[in-house]
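Here is what each chain is made of, one letter per residue.
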There are 2 protein chains.
Amino acid sequence: MIYADKKNHRPGRPSKERAGYSETREILLRAGMEVLTEKGFSSAGIDEILRRVGVPKGSFYHFFGSKESFGAELIGLYSAYFANKLDRFLLDITLPPLQRIRAFTDYARSGMAHHNYKRGCLAGNLGQEMGALPESFREQLKAVFQDWQSRFAACLEEAKEVGDISADADCQQLAATFWIGWEGAILRAKLEGSPYPLDLYADFFLSGLPR
Amino acid sequence: MIYADKKNHRPGRPSKERAGYSETREILLRAGMEVLTEKGFSSAGIDEILRRVGVPKGSFYHFFGSKESFGAELIGLYSAYFANKLDRFLLDITLPPLQRIRAFTDYARSGMAHHNYKRGCLAGNLGQEMGALPESFREQLKAVFQDWQSRFAACLEEAKEVGDISADADCQQLAATFWIGWEGAILRAKLEGSPYPLDLYADFFLSGLPR
């Protein structure tokens, strides 16, 4: 999930009309991130993104070439942003490993609440839409989940080392399972407009780990 | 999930041109079901559905009034079709209750394989897309999941009665958890083009039940 901050209206910030190349590009990426976490790619369309930021269509293609390369760049940015966020929790050695996972799910929960359960996970939205998206997104999205899973698996390995989960536990498989179900929990939290699906899934996952 | 059968080309079946009112209506619903399980609602658009079946746009509105009421009818049909399918497994008294759940997940697995992991769950697709869909779909989709969950909960109650899960188990909560994660598993199976996410999630769910 991403919870992009509201546009920062500092005094002295140049207006869109006067914004330079790199700033306009960044504004487009930020709007794209918002639209893709809320509505996904194919339904939202470039038009809505351009409407949100008041940039003409011609400029868009000037900056990104195609809707496909815009999407690819957004997936890359989101993946890196989110990997960083994950590390903040999963590498926090002040907490025991399983509590770090709980701290992450609690963080995701507040993030979704903050956006009234309207924003979900960009990777989950695009994964769901794959049937209507450029095939080139598939490998990229698979790699994103693989990356998040590896970070989770490393944390579960630490839980194994300290004896909080069974010595036989297959941490790669458990990490994969977490992300498989977690995307379902985000989907349902959006549909229900409630944190309940996130809580229920996080509780089941943590209590179902082999001891 | 729905795995609508291929159109049945019986000899003597009237051509689309000569098809009557109720037959054209049914052809549209069938195509809608296919498109919505593959691509979702807003991305697919009515245009693709009409292209698939060769029905002019004017007819479509004649039959359904609006895209929204077409969608509502499809959700209702899918929900009923699928509830029936669930009952076939969950009420099969020739199997112990937890094996019925496994039989259902195995069935879903073969269904997805049969369609090359291109078709997922209509309710999951639409749930993911809620941000871009008519608000009226929200309560309808929530009720669909509630219905499927109740059927699951009843099966889990039977597992409790025969002592296969703990007497303290909260079957409603466990059933809700199953569906939360299962929609994530379908999403990932589509993305990966593989049954692995379904297997992993079904195994984790069944082994994580309180004993």
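For the structure itself, look to the data block above.
Reference entry: report on the structure contained in this document. (Residues numbered from 1 in each chain as written. Chains lettered and ligands numbered in written order. Predicted model: local features only at pLDDT ≥ 70, side-chain atom pairs only at ≥ 80, totals over all residues. Heavy atoms only, no water.)

A separate point is the overall build of chain A. Within chain A, the secondary structure is distributed over nine helices and zero strands. The order of α-helices and β-strands along chain A, N terminus first, is α-α-α-α-α-α-α-α-α. Taken over the C-alpha trace, chain A has a radius of gyration of 19 Å; the compact-globule value for 211 residues is 17 Å, and the two agree within 12%. With the principal axes as the frame, chain A shows a C-alpha extent of 60 × 40 × 30 Å. Looking at chain A as a whole, 55% of its 211 residues qualify as buried. (Helix = DSSP H or I, 4+ residues; strand = E, 2+ residues; numbered from the N terminus. Rg over C-alpha atoms; globule rule 2.2 N^0.38 Å. Buried < 20%, exposed > 50% of the residue type's maximum accessible area, 1.4 Å probe, protein only.)

With that out of the way, let us pick up the relation of the copies chain A and chain B. Overlaying chain A with chain B gives an RMSD of 0.0 Å, the required rotation being 180° about an axis along which the chain moves by 0.0 Å. The superposition of one copy onto the other is thereby described by a two-fold rotation axis. Most of the interface of chain A is mirrored in chain B: 100% of its interface residues are interface residues there too. (Least-squares fit on C-alpha atoms with pLDDT ≥ 70 in both. Contact = heavy atoms within 4.5 Å.)

Attention now moves to the interface of chain A and chain B. Taken together, the contact pairs 40 residues of chain A with 40 residues of chain B. Three residues, I180, L191 and F204 of chain A, lead the burial of chain A against chain B; their summed loss comes to 22% of the area buried on that side. For the interface between chain A and chain B, the tally reads zero salt bridges. Here chain A and chain B share 10 residue pairs in polar contact (both at pLDDT 80 or more) between them. Sorting the residues of the side of chain A that touches chain B by element identifies α6 (122-129), α7 (136-161), α8 (171-192) and α9 (196-208) of chain A as the ones contributing at least two each. Here the element with the most residues in the side of chain A that touches chain B is α8 of chain A; it accounts for 15 residues. Of the residues assigned to the side of chain A that touches chain B, the class counts are 18 nonpolar, 13 polar and nine charged. (Buried area = accessible area lost by both parts, 1.4 Å probe. Salt bridge = Lys/Arg side-chain N within 4 Å of Asp/Glu carboxyl O. Polar contact = N/O pair within 3.5 Å; in protein donor to acceptor, adjacent residues only side chain to side chain. Nonpolar A, V, L, I, M, F, W, Y, C, P; charged D, E, K, R; others polar.)

Evaluated as defined, the whole model comprises 36 salt bridges over all chains. Ionic pairing is found between E48 of chain A and K39 of chain A, a salt bridge with its closest N-O pair at 3.5 Å. For E34 of chain B, the salt bridge is made with R119 of chain B, and the minimal N-O distance between the two is 3.9 Å. Of this pair, E34 of chain B sits in helix α1 (residues 21-38) while R119 of chain B sits in the loop between α5 (97-114) and α6 (122-128), and the two are 85 residues apart along the sequence. The network of salt bridges with shared partners includes E34, E38, K39, E48, R52 and R119 of chain A.

Next up on the list: the side chain of Q128 of chain B. Checked against the element boundaries, Q128 of chain B lands in helix α6. In this structure the side chain of Q128 of chain B is engaged in a polar contact, spanning 3.1 Å, whose partner is the backbone oxygen of G124 of chain A. Among all residues touching Q128 of chain B, those that are not within four sequence positions of it are G124, N125, Q128, L187 and K190 of chain A together with L187 of chain B.

So, on to α7 of chain A. Side chains that are three or four residues apart share a direction in an α-helix, a result of its 3.6 residues per turn. Over its 26 residues, α7 of chain A runs 39 Å from end to end, which matches the ideal 38 Å to within 8%, given 1.5 Å per residue. When α7 of chain A is considered as a whole, its buried residues turn out to be F137, R138, L141, V144, F145, W148, Q149, F152, A153, C155, L156 and A159 of chain A. Where α7 of chain A is buried, its residues contact α4 (67-90), α5 (97-114), α6 and α8 of chain A together with α8 (171-192) of chain B. Looking one or two residues past α7 of chain A, G163 of chain A carries a phi angle of roughly 80°, positive in sign. (Expected span 1.5 Å × (residues − 1).)

Inspection of every chain in the model, using the stated rule, returns four cavities of 30 Å³ or more. If you add up the space inside the largest cavity, you get close to 40 Å³. What lines the largest cavity is K39, G40, N125, Q128 and E129 of chain A together with N125, Q128 and E129 of chain B. For the lining of the largest cavity, the secondary structure elements donating two or more residues are α6 of chain A together with α6 of chain B. Take the lining of the largest cavity: its biggest share by element is three residues, from α6 of chain A. Broken down by class, the residue content of the lining of the largest cavity amounts to no nonpolar, five polar and three charged. (1 Å grid on protein atoms, 1.4 Å probe; cavity = no way out; pocket = protein on both sides within 12 Å on 5 of 7 lines; lining within 4 Å. Points joined across faces, edges and corners; volume = space filled by probe spheres on them.)

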